[in-house]
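So you can see what is in the structure, the chains are spelled out below.
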Amino acid sequence: MATEKLNDGKSVRVTQAQISNDQTLDEINDLPSQHTKAHNKAVRILLAIILLMVVVCAARVPYVGSYVDSYVFEFLLGNAKYILYIWLILLLFFKICNFKFVKVLYTKRFLLGTFLIVLGAIIGLAIAQQLWWSSLSGSDTVSFSEYVGKFHDWANSTDAQLYKAFMPIFYFDGFSNPVKYLDAGIIGTAIGIGWLYVTTVLLGLVALILIVFGILIYANKTDNRGITLLRKWIIHLFGGTFTTNTYDELSGEKNDIDPVVHQSVEIKQEANKPDQLTPPISFLTDTSVDHYFDNKSNAEKMQNLIAKFIKKQNIEASYQSTTIMPQYVEINFEVDSRSNIDEILRVQNDLLNTLKLESFNISFKGNIVRFELPNKESSKVSMRQIFNSVNNIQGDEAVVGLTLENTPLLLDIHKHPNSIIIGRRGSGGAMLLTCILISLAYINSPMDMDFIVLSPLGDKSLKHLDNLPHMQYPVISDPEDSVAKMHDVLKTIDDREAKFKESGAKNLDDFNKYQSVASSKIKKLIFVISSFDKMLKNNLQNVEVLSEIMKRGAAVGIHTILLSINVNNESTEPKIYDSTDARFILKLESEHESLKMFDSYRGIQLCGNGDGFYITSDGKKKTRFQTCYLNANELIETIKIIKTFYQTKEQQV
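Residues numbered from 1 in each chain as written. Predicted model: local features only at pLDDT ≥ 70, side-chain atom pairs only at ≥ 80, totals over all residues. Heavy atoms only, no water.

Peer 1: Pulling in residues and values, what's your account of the overall build of the protein chain?
Peer 2: Helices and strands together make up the secondary structure of the protein chain, namely 24 helices and 14 strands. In the protein chain, which comprises 653 residues, the share counted as buried stands at 47%. For the protein chain, contacts bridging at least 24 residues in sequence account for 69% of all contacts bridging at least 6. For the protein chain, the accessible surface area stands at approximately 33700 Å², while carbon and sulfur atoms represent 57% of it. (Helix = DSSP H or I, 4+ residues; strand = E, 2+ residues; numbered from the N terminus. Buried < 20%, exposed > 50% of the residue type's maximum accessible area, 1.4 Å probe, protein only. Contact = heavy atoms within 4.5 Å. Areas by Shrake-Rupley, 256 points an atom, 1.4 Å probe, with all protein chains shown as cover.)

Peer 1: Can you break down a negative patch on the surface residue by residue, with the values?
Peer 2: Taken together, the side chains of Asp286, Asp290, Asp294 and Glu377 present a region of like negative charge at the surface. Along the chain, aspartate 286 turns up in the loop between helix H11 (264-271) and helix H12 (292-312). Its relative accessible area of 37% is what places aspartate 286 among the partly exposed residues. (Patch = residues over 30% accessible without salt bridge, like charges linked within 9 Å, V, L, I, M, F, W, Y side chains within 5 Å. Salt bridge = Lys/Arg side-chain N within 4 Å of Asp/Glu carboxyl O. Lys, Arg positive; Asp, Glu negative; His and termini not counted. Charge placed at Lys NZ, Arg CZ, Asp CG, Glu CD.)

Peer 1: Help me get a handle on the packing of helix H16 (residues 429-443) against helix H24 (residues 632-652), residues and values and all.
Peer 2: Orientation of H16 relative to H24, taken along the N-to-C sense of each, is 25°, at an axis distance of 10 Å. On the basis of the axis angle, H16 is roughly parallel to H24. Here H16 and H24 pass one another in a crossing that is left-handed. Where H16 abuts H24, its residues Thr434, Ile438, Ala441, Tyr442 and Ile443 lie against Leu635, Thr638, Ile639, Ile641, Ile642 and Tyr646. Residue classes in the contact of H16 with H24 are distributed as nine nonpolar, two polar and no charged. (Axes fitted to C-alpha atoms, helices over the stretch in contact; angles between N-to-C directions. Parallel < 35°, antiparallel > 145°, perpendicular 65-115°, else oblique. Left-handed = near helix turned anticlockwise from the far one by under 90°. Nonpolar A, V, L, I, M, F, W, Y, C, P; charged D, E, K, R; others polar.)

Peer 1: If you had to explain the confidence of the model for the protein chain to someone new, which residues and values would you point to?
Peer 2: Within the protein chain, residue pLDDT values average 77, and 68% of them lie at 70 or more. Every residue in residues 186-195 scores below 50 in pLDDT, and together they form 24 contacts with partners more than four places removed in sequence or on other chains. (pLDDT = per-residue confidence, 0-100.)

Peer 1: Give me the lowdown on the nonpolar core, citing residues and values where you can.
Peer 2: Counting residues in each nonpolar core, the largest one holds 55 residues, and the members touching the most others are Ile421, Leu437, Ile438, Phe451, Leu468, Ile526 and Phe584. Examining the composition of this core, we find that eleven residues originate from one element, H16, more than from any other. Not counting residues up to four positions away in its chain, the partners in contact with leucine 468 are Ile438, Ala441, Phe451, Ile639 and Ile642. Counting 38 residues, the second largest nonpolar core, distinct from the first, contains Phe527, Leu536, Ile549 and Ile576. (Core = buried A, V, L, I, M, F, W, Y, C linked by side-chain atoms within 4.5 Å.)

Peer 1: Lay out the environment of serine 359 in plain terms, naming residues and giving numbers.
Peer 2: Inspection of the secondary structure puts serine 359 in strand S4 (residues 359-365). Expressed as a C-alpha distance, the spacing of serine 359 and proline 374, which sit 15 residues apart in the sequence, is 8.1 Å.

Peer 1: Now, about the side chain of histidine 470: what can you tell me, with residues and values included?
Peer 2: Mapping histidine 470 onto the fold places it in the loop between strand S9 (449-454) and helix H17 (479-503). Looking at histidine 470, the relative accessible area reads 0%, which means it is buried. At 2.5 Å, the side chain of histidine 470 forms a polar contact with the backbone oxygen of asparagine 444. Setting aside its immediate chain neighbours within four residues, histidine 470 contacts Ala441, Asn444, Ser445, Pro446, Met449, Asp450, Phe451, Ile642 and Tyr646. (Polar contact = N/O pair within 3.5 Å; in protein donor to acceptor, adjacent residues only side chain to side chain.)

Peer 1: Any chance you could break down the sheet that holds S9 for me, citing the residues and the numbers?
Peer 2: Read across the open sheet, the nine strands follow the order S7-S6-S14-S13-S12-S8-S11-S10-S9; overall the sheet is mixed. Every other strand in the sheet has two partners, leaving strand S7 (408-412) and S9 as the edge strands with one partner each. Between one strand axis and the next, the sheet turns by 30° as a mean value, whatever way the strands run. Lying on the sheet, H16 is in contact with strand S6 (397-403), S7, strand S8 (418-422), S9, strand S10 (524-530), strand S11 (558-564), strand S12 (582-585) and strand S14 (622-627); it crosses S6 at an angle near 135°. (Pairing = 2+ DSSP bridges.)

Peer 1: Lay out the pairing of strand S3 (residues 328-335) in plain terms, naming residues and giving numbers.
Peer 2: Along S3, seven of the eight residues are buried, which leaves the element largely enclosed by surrounding structure. With seven bridges connecting them, strand S2 (residues 317-324) and S3 associate as antiparallel partners. Considered in S3, the bridge of isoleucine 324 is made with valine 329. In this structure, the hairpin formed by S2 and S3 is closed by a connection of three residues. In this sheet, strand S5 (residues 368-374) lies alongside S3 in antiparallel orientation, the contact comprising seven bridges. From the neighbouring strand, glutamate 330 faces S5, where its bridge partner is glutamate 372.

Peer 1: Go over the state of the cysteines, please, and point to the residues and values.
Peer 2: One pass over the full model with this rule turns up zero disulfides. Of the cysteine sulfurs around cysteine 628, a residue in no disulfide, the closest is that of cysteine 435, at 5.2 Å. (Disulfide = S-S within 2.5 Å.)

Peer 1: Can you lay out the packing of aromatic side chains for me, pointing to particular residues and giving the numbers?
Peer 2: This structure, assessed with the given rule, holds eight aromatic pairs. Each ring, one from tyrosine 292 and one from phenylalanine 293, has its centre 5.4 Å from the other, and the planes form 80°; the classification is edge-to-face. Among the residues examined, tyrosine 292 registers a relative accessible area of 33% and is labelled partly exposed. The exposed category is assigned to phenylalanine 293, whose relative accessible area is 64%. Ring-pair connections join several aromatic residues into one group, and the members of that group are Tyr319, Phe333 and Phe371. (Phe/Tyr/Trp six-rings, centres within 6.5 Å; stacked < 30°, edge-to-face > 60°.)

Peer 1: Lay out the layout of surface pockets with the relevant residues and their values.
Peer 2: Rolling a probe over the atoms, with the probe sized like a water molecule, indicates the empty space that remains. Roughly 890 Å³ of internal volume is contained in the second largest pocket. Taken together, the residues that form the lining of the second largest pocket break down as ten nonpolar, seven polar and nine charged. (1 Å grid on protein atoms, 1.4 Å probe; cavity = no way out; pocket = protein on both sides within 12 Å on 5 of 7 lines; lining within 4 Å. Points joined across faces, edges and corners; volume = space filled by probe spheres on them.)

Peer 1: Any chance you could break down a nonpolar patch on the surface for me, citing the residues and the numbers?
Peer 2: On the surface, a cluster of nonpolar side chains totalling about 270 Å² of accessible area is made up of Ile45, Ile49 and Met53. Structurally, methionine 53 is set in helix H2 (residues 34-58).

Peer 1: Can you lay out the packing of H17 against helix H20 (residues 540-552) for me, pointing to particular residues and giving the numbers?
Peer 2: Interhelical geometry of H17 versus H20 gives an angle of 35° and a closest axis separation of 10 Å. Here H17 and H20 pass one another in a crossing that is left-handed. Between H17 and H20, the contacting residues are Val483, Met486, His487, Val489, Leu490, Ile493, Asp494 and Glu497 on the first element and Gln541, Asn542, Val545, Leu546, Glu548, Ile549 and Arg552 on the second. A class-by-class count of the residues in the contact of H17 with H20 yields eight nonpolar, three polar and four charged.

Laid out in structure tokens, this is it:
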């Protein structure tokens, strides 16, 4: 890029938005371009005009609306035209507003689902009505033929003159006899004959819609698998994509592996073994989804394309290595001089087109140029994979994921008692936090470790943790209760410090070593605050309290983990941020946030879904990693294993 001087270790993101090589990064990332904006505006205006015409037709505005309504809609559809009107209005409205739901409205599955529901309602209501009418007798009962006659009168009286004037080939004999244009529409006649049938069918459809939406809403607030499966089927029938919550990182995907379901008897048998202190790793499910060989094959193709492209540009470069990660692949080339790097940056748009990608990242260090390309299929790292690859994980170590070198990354809460996780929604922050807590709960008895989790915004992805036996309380979501609990934790630190001083102990391990009775021992406490910046906002007292907890907690066995979805003045409050020992930066929201955390654009260039950097407290070391993944079913099953195992152990004691 001729307009920007890049230092070693910095990175440039190449996207289809680049239209010239002399743009600055701010101009490159200014989406959409002026041309795209003008095009979108023109399309929206056109759609708005079409929407206005459809409304005019639906309202039968004289001359224009009534003619189109009669000749086009009613001739083919009859009374069913109103269903088409509603569908068209919704389709155009969502399209103008650029809502993603518009894709559902014209998928084949949506149309099929609508047809099946309408057909089912007609058949069901026809049977119900037949039984109802057959049970009635008396002179006041209106015959079926009379309802047919009333329907014809209603259908023909409105537009007979228009059809007679403009379509003389059809025969009209007054307003009472059937018009020869297929009885007011094929579909209209099929939906209902007579006012009663039309009204009942429409009411039935409304009732059915309310039932369907009731199932969808109820299933979103329950873990009942039968209801969830029904909800999933309905959403797929209408062409949608099933997810329990838009930002719930524990919601399953189609390539998730179902966990192995263990019976309580199996778990209790293992817990009864004297030498089995923690649940066996065999109980965990390897739910990793491995597209490694597919990604490797694709990486080789990309490597060859890059090599040919560089050679075609007469740039001196040699291939060095390829690293396959779950979300991306990194391909390294070595160049002879800085001028070759400038040349690669100059032709990066052409390379983007050659690779046929929407975007990729270029970074360099010294003479090594690194091309970071997204994988077509993302892999997933399982906790069992990490547990199996590390010998003798200690109680103070929590599973995080895999590094760029494909080595396990663990968080040692003894060495790093205060941690912070920052990443926008969907970046994998809640997933990383969940994996850390689950792995600690797996290898630490509730007799040795407690959790306190505050979530002032009521993060749904943390609700499953309530069933862990390590939880002192269910997840606290009320803001006032969260602040009160934070003060309680500070009081706990005061109490522990007093006990340590009285006994002459230097730390928690030293204190517990000389306790002859197990009940006299003090547990380690993992203190978690999700969206902690919301508690600190414009509240200096809360800042002081949290700062004291982080400063004094480690010495008495209280470890803090903070989670925030964005970078702001509260999340980077010096008293808090400087007290953290381990920092996990996931995909950030903006270039400003990325520059604030990285002094580069790497934060916004991350792939999301658990792709991040581990940064030491001094900010000098940055380790790229991919966090482990748990789907909702695996999480529920793992918590059941932990709970049953340690409850059995406690009963033995």
